[in-house]
Amino acid sequence: MSTRQFGARVQRNEDDRLIRGKGRYVDDLPLPGAAHGAFARSSVAHARITYVDVSAALAVPGVLRVYTHADIGALDVPMPLLIPHPCITHGRTQYPLARDEVFYVGQAIAFVVAEDRYIAEDAAALVEVGYEPLPVEVDYEKAAEPGAPLVHADVPGNIAARLAQRSGDPDAAFAAADHVTTVRVRVERGTAAPMECLSTAARWDEVSQELTVWDGTQAPIGLRGALASLFDLDEHKVRVIAPDVGGGFGPKVHFPYANEVLVPFAARDLRRPVKWIEDRAENFVHMTHERGQTHEIELAATKDGVVLGLRDRFLHDTGAFIPYGIAVAQVAACQIAGPYRIPNVEVEFSCVYTPTVPVTPYRGCGRPQANFALERAMDQLAADLGIDRFEIRRRNFIQPDEFPYTRPDLIFADGLAVTYDSGDYERALDTLMDTLDVQSFAERQKAAWQEGRYLGLGLSFYVEGTGLGPYEGGHIRIHPITGKVYVNTGLTTQGQGHETVFAQIVADQLGTSPENVIVVEGDTGAYDWGVATFASRAAVVSGSAIHNTAVKVRRQVIHAAANMLEANPDDIELGDGRAFVVGSPEHGVTLAEVATASNPLRYAFNKAAQSATQFAPAARSDGPPLAAGAHPGIEDVDYYSPPHATWAYGVHGAIVEVDPTTFGITVHRYVCVHDCGKMINPMIVEGQVAGGVAQGMGGAFYEWLDYDEDGALRNAGFMDFLIPYATEIPHIEILHQETPSPLNPLGIKGVGEAGTIPVAQVIASAIEDALRPLDLPPLRSVPLSPSLLHAHVAAGGGAK
């Protein structure tokens, strides 16, 4: 028998290739004769364009074309609004190249194509643009006020969308409450900053009239559909391939960016390959941003700390356009009640246009903002009522016997009511408290204060809706020559370990090793049914589809092997790449032999093929070589469509020390208790959680996109936009719970975004706890920083 792979710490199949520098990204692709592109971008936040003069750029030797909106014909149309919603009353999306007006610094105005990148960038700098500046307001709270400058002249009040949802009877809950806590919080704008920026290459085949696009996208199937529509091509004439992608984190699921339209257009126009690779400065002002929300949240509670109702009204900064709909705000709204049994919820949000880079999901997608608002409010409620922070959470948890727990009329991103599937929240909290030794912390904290050291304990509990539909598929085929198992799915990977976890699922069913399972994804030419990689859904949705397919393929193998071995199918066992009779492992055949024998042949191209030719003993039959309704080989396909999202959860806690001179912080311990259902590979889960915490640390204490009053980004580079180094990321102690989901055959939940969600609250609450002797106002915004903490202390109270 083969060792069970599901749940094992299997070394990642992709690591050997990637760590040896053998990965192949878009910029690594050998495209003979490729031209290179560069964009001329807006240098002002909002203006009417009075002229665009490309003559100087065209005069540069080596320049092939300079495109403005007037040169791209039928492509000069607004890009699609990807997720329509009835509440979007004033949806606006941008053109591939700006027409009469620019709406943010960095918006593409012209696209230069030249013999090499150096020439293209030099020429792009020579494109002259005349601007008639318009007034701007970059702060989304002020932009929503009456009389603020309008981003779009036909959008009243800069409001793109407004949605209100009610679950239960919030009015009655607030009327019955003994106490109401009100908290106002703000989360600033940030960026994903993936290691590889955006990238596109394209080739047009004039003979076959086919377009091939290589793109660092999270959604090749969706991008294929968009390009086929824009270019008026049949879908089978467009192939989109996502090769190795150096990080995605959400912004790369958005499509189409200007480059994804202009690069294929230029390739077809010039009849030669064209490549465009975004640099870091461009990435800051072109790739979509996120976060940017202000919440005013109220909790109605009894004097014992039981929360009866919740109200939340918040503003969401959507930037200059709303191409991804209300996704970020809607996810925040639906997770605002967290793990708590709050029966009455009212939440309302407005999406506000500002003259800034458009906003689409970034790792967490609204969840970090909602978590920060809710958990800051829970801490304040505990303080108001004189109840311990841990205890007030315990009193409000949804209990294990209450699942599935539904919040009626609170509609999640899948279009269905929020329904938590399973969990044991109190056990997770107990594990965290035991691991951090919370009981003794007060004494340690008091001793530290007496020494002039500021030591604090922070915590945050979170939930994460994962595994969204509508569906994904899986295709599996056993290769008849090598016996290796080929797996296709419609997703892409950006470092999550798909090649390994999907291989583990298949290996268990087919009795082989993960190394013998080859996963091919991100290529519409190999498999073109599915959605995309986003929202912590790959393992849940594609993993379940692949499992379903593997079960069907297993049946085929057993049936074929039983015929070959003249045995009862119930007596066939799979293991070590073979099918054999139980109790007689020597009486068996390899997967390669099974696959070969299942494909009736005329020609014996190798020894194994001899068994499948017409005169071989096993091929003798009174009927046709291939039975009616059968297909050659060992191969199948199946799908999985989740009934609704599955909900992962966890609790993080940290012990943090604040330096009273520099106001830097030291995280002495960081503990994460996480539950994503049954784990396929605990090592990969831990990598996902740790990576999420690292990005969460950036959003908690370092990363803040700072626009000036004119709409220019002050810190569009890593010299000024501070991402944490490895030295700033604490050692993360990860403890697992496994509460299986009843919604899918593997019992799994998503994990990709979980680590990011609670970190801002953990750090803010720890710092606030550490500085309690100074009698300061609560911390209500993130990211924090040494300078902000210094200002906070300088403006606050005095020492007790």
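A.B. asks: Any chance you could explain the overall build of the protein here in plain terms?
C.D. replies: Broken down by element type, the protein carries 19 helices and 29 strands. Here the protein has a C-alpha radius of gyration of 28 Å; the compact-globule value for 800 residues is 28 Å, and the two agree. On the principal axes, the C-alpha backbone points of the protein span a range of 95 × 70 × 50 Å. If you take every contact in the protein between residues at least 6 apart in sequence, the share linking residues at least 24 apart comes to 80%. For the protein, the computed accessible surface area is about 30300 Å², with 52% contributed by carbon and sulfur atoms. Counting 63 positive and 100 negative side-chain charges, the protein places the centres of these two groups 3 Å from one another.

A.B. asks: In this structure, what is going on with the pairing of strand S24 (residues 584–590)? I would like to understand it.
C.D. replies: Taken residue by residue, a regular strand's side chains alternate between the two faces of the sheet. Both strand S23 (residues 578–581) and S24 contribute to a ladder of four bridges, which runs antiparallel. Residue pairing in the sheet places arginine 578 in a bridge with threonine 590 of S24. A loop of two residues connects S23 with S24, the two strands running antiparallel in sequence, and glycine 583 in this loop sits at a positive phi of about 85°.

A.B. asks: What is the right way to read the pairing of strand S5 (residues 108–114) from this model?
C.D. replies: Within S5, seven of the seven residues are buried, leaving the element largely enclosed by the surrounding structure. Relative to S5, strand S1 (residues 35–41) runs antiparallel, the two being bridged by six bridges. Bridging across to S5, arginine 41 finds its partner in alanine 108. Strand direction decides the pairing type here: strand S3 (residues 63–67) and S5, joined by four bridges, are antiparallel. Bridging from a neighbouring strand, valine 66 pairs with valine 112 of S5.

A.B. asks: What's the story with the packing of helix H14 (residues 498–510) against helix H15 (residues 538–565) in this structure? I'm lost.
C.D. replies: The geometry of a pair of packed helices is captured by two quantities: the angle between their axes and the separation between those axes. Contact geometry of H14 with H15 gives a least axis separation of 9 Å together with a crossing angle of 30°. Regarding the angle of H14 to H15, the classification is roughly parallel. Both H14 and H15 take part in a crossing whose hand is right-handed. Between H14 and H15, the residues in contact are His498, Phe502, Ile505, Val506, Asp508, Gln509 and Leu510 and Ala538, Ala539, Ser542, Gly543, Ile546, His547, Ala550, Val551, Val553 and Arg554, respectively. For the contact of H14 with H15, the residue count by class is ten nonpolar, five polar and two charged.

A.B. asks: What am I meant to see in the packing of helix H17 (residues 682–701) against helix H18 (residues 759–770) here?
C.D. replies: Contact geometry of H17 with H18 gives a least axis separation of 8 Å together with a crossing angle of 50°. Relative to H18, the element H17 is oriented oblique. Here the hand of the crossing between H17 and H18 comes out right-handed. Facing H17, whose interface residues are Val693, Gly696, Met697, Ala700 and Phe701, H18 presents Val759, Ala760, Ile763 and Ile767.

A.B. asks: What am I meant to see in the pattern of salt bridges here?
C.D. replies: Counted according to the given criterion, the structure contains 50 salt bridges. Here arginine 272 ties to glutamate 115 by a salt bridge, and the two come within 3.1 Å at their closest N and O atoms. Here glutamate 115 lies in the loop between S5 and helix H3 (117–124) and arginine 272 lies in the loop between helix H7 (258–270) and strand S12 (274–277), a separation of 157 residues in the sequence. On the basis of relative accessibility, which here comes to 37%, the residue glutamate 115 falls in the partly exposed class. Arginine 453 serves as the salt-bridge partner of glutamate 657, at 3.0 Å between the closest nitrogen and oxygen. Of this pair, glutamate 657 sits in strand S26 (residues 646–658) while arginine 453 sits in the loop between helix H13 (438–450) and strand S18 (454–466), and the two are 204 residues apart along the sequence. Of the residues examined, glutamate 657 reaches a relative accessible area of 16% and is grouped as buried. One salt-bridge network, in which partners are shared between bridges, spans Asp139, Glu141, Arg184, Arg186 and Glu188.

A.B. asks: Before we go on, may I ask you to explain H13 in this structure?
C.D. replies: Residues spaced three or four apart along an α-helix point in a common direction, a consequence of the helix completing one turn every 3.6 residues. The end-to-end C-alpha distance of H13 is 19 Å, a good match for the 18 Å that 13 residues give at a rise of 1.5 Å each. Of the residues making up H13, those classed as buried are Val438, Phe441, Gln445 and Ala448. Viewed along the axis of H13, the buried residues span an arc of 65°, placing them on a single side of the element. Of the residues in H13, the exposed ones pointing more than 90 degrees away from the buried face are Gln439, Glu443, Lys446 and Gln450. Contacts made by the buried residues of H13 are with helix H11 (389–394), helix H12 (425–436), S18, S26 and H18. Within two residues after H13, glycine 452 carries a phi angle of roughly 80°, on the positive side.

A.B. asks: What is the right way to read the sheet that holds strand S20 (residues 485–489) from this model?
C.D. replies: Within a sheet, adjacent strands bond to each other through the backbone by hydrogen bonds, running parallel or antiparallel. Pairing in this open sheet of four strands is mixed, and the strands run S21-S20-S19-S25 from one edge to the other. Unpaired on one side and paired on the other, strand S21 (517–521) and strand S25 (635–640) mark the two borders of the sheet. Across the sheet, the mean angle from the axis of one strand to that of its neighbour is 20°, orientation sign disregarded. For S20 and S21, the ladder comprises five bridges, and the chain directions are parallel. Bridging from a neighbouring strand, valine 485 pairs with valine 517 of S21.

A.B. asks: Explain the sheet that holds strand S29 (residues 781–782) here, please?
C.D. replies: Overall, mixed pairing links the six strands, which are arranged S7-S15-S14-S13-S8-S29 in an open sheet. Either end of the sheet is taken by a strand with one partner, and the two such strands are strand S7 (159–167) and S29.

A.B. asks: Explain the nonpolar core to me, please; I cannot follow it from the model alone.
C.D. replies: Where a protein is soluble and globular, its nonpolar side chains tend to be buried together. By size, the foremost hydrophobic cluster in this structure holds 124 residues, and its most contacted members are Tyr420, Tyr425, Phe461, Ile763 and Ile767. Setting aside residues up to four positions removed in sequence, tyrosine 420 forms contacts with Gly338, Ile398, Phe403, Pro404, Tyr405, Arg407, Tyr425, Val463 and Trp647. Phe39, Leu233, Ala258 and Ala532 belong to the second largest nonpolar core, which has 44 residues in total.

A.B. asks: I would appreciate a short explanation of unusual backbone geometry in the present structure.
C.D. replies: It is generally the case that most residues other than glycine have a negative phi and that most peptide bonds are trans. The omega torsion of the bond from glycine 469 to proline 470 falls at 10°, within 30 degrees of zero and hence cis. When you line up the elements, proline 470 lands in the loop between S18 and strand S19 (472–478). In this structure, the amide linkage connecting valine 782 to the following residue, proline 783, adopts the cis form with an omega of 5°. Along the polypeptide, proline 783 turns up in the loop between S29 and helix H19 (786–795). Notably, asparagine 158 is not glycine yet its phi reads approximately 65°, a positive angle. Within the element layout of this structure, asparagine 158 appears in the loop between helix H4 (140–143) and S7. Phi at glutamate 566 takes a positive value of approximately 50°, unusual for a residue other than glycine. Note that glutamate 566 resides in the loop between H15 and strand S22 (572–575). Overall, the relative accessible area of 75% leaves glutamate 566 in the exposed class.

A.B. asks: For this particular structure, what's the right way to read the environment of alanine 608?
C.D. replies: As for its placement among the helices and strands, alanine 608 is situated in the loop between helix H16 (591–597) and S25. Given the relative accessible area of 25%, alanine 608 is considered partly exposed. Taking C-alpha positions, alanine 608 is 48 Å from tryptophan 647, a pair spaced 39 residues apart along the chain.

Reading guide: rules and limits
- Residues numbered from 1 in each chain as written.
- Predicted model: local features only at pLDDT ≥ 70, side-chain atom pairs only at ≥ 80, totals over all residues.
- Heavy atoms only, no water.
- Helix = DSSP H or I, 4+ residues; strand = E, 2+ residues; numbered from the N terminus.
- Rg over C-alpha atoms; globule rule 2.2 N^0.38 Å.
- Contact = heavy atoms within 4.5 Å.
- Areas by Shrake-Rupley, 256 points an atom, 1.4 Å probe, with all protein chains shown as cover.
- Lys, Arg positive; Asp, Glu negative; His and termini not counted.
- Charge placed at Lys NZ, Arg CZ, Asp CG, Glu CD.
- Pairing = 2+ DSSP bridges.
- Buried < 20%, exposed > 50% of the residue type's maximum accessible area, 1.4 Å probe, protein only.
- Axes fitted to C-alpha atoms, helices over the stretch in contact; angles between N-to-C directions.
- Parallel < 35°, antiparallel > 145°, perpendicular 65-115°, else oblique.
- Left-handed = near helix turned anticlockwise from the far one by under 90°.
- Nonpolar A, V, L, I, M, F, W, Y, C, P; charged D, E, K, R; others polar.
- Salt bridge = Lys/Arg side-chain N within 4 Å of Asp/Glu carboxyl O.
- Expected span 1.5 Å × (residues − 1).
- Arc of directions from axis to C-beta.
- Core = buried A, V, L, I, M, F, W, Y, C linked by side-chain atoms within 4.5 Å.

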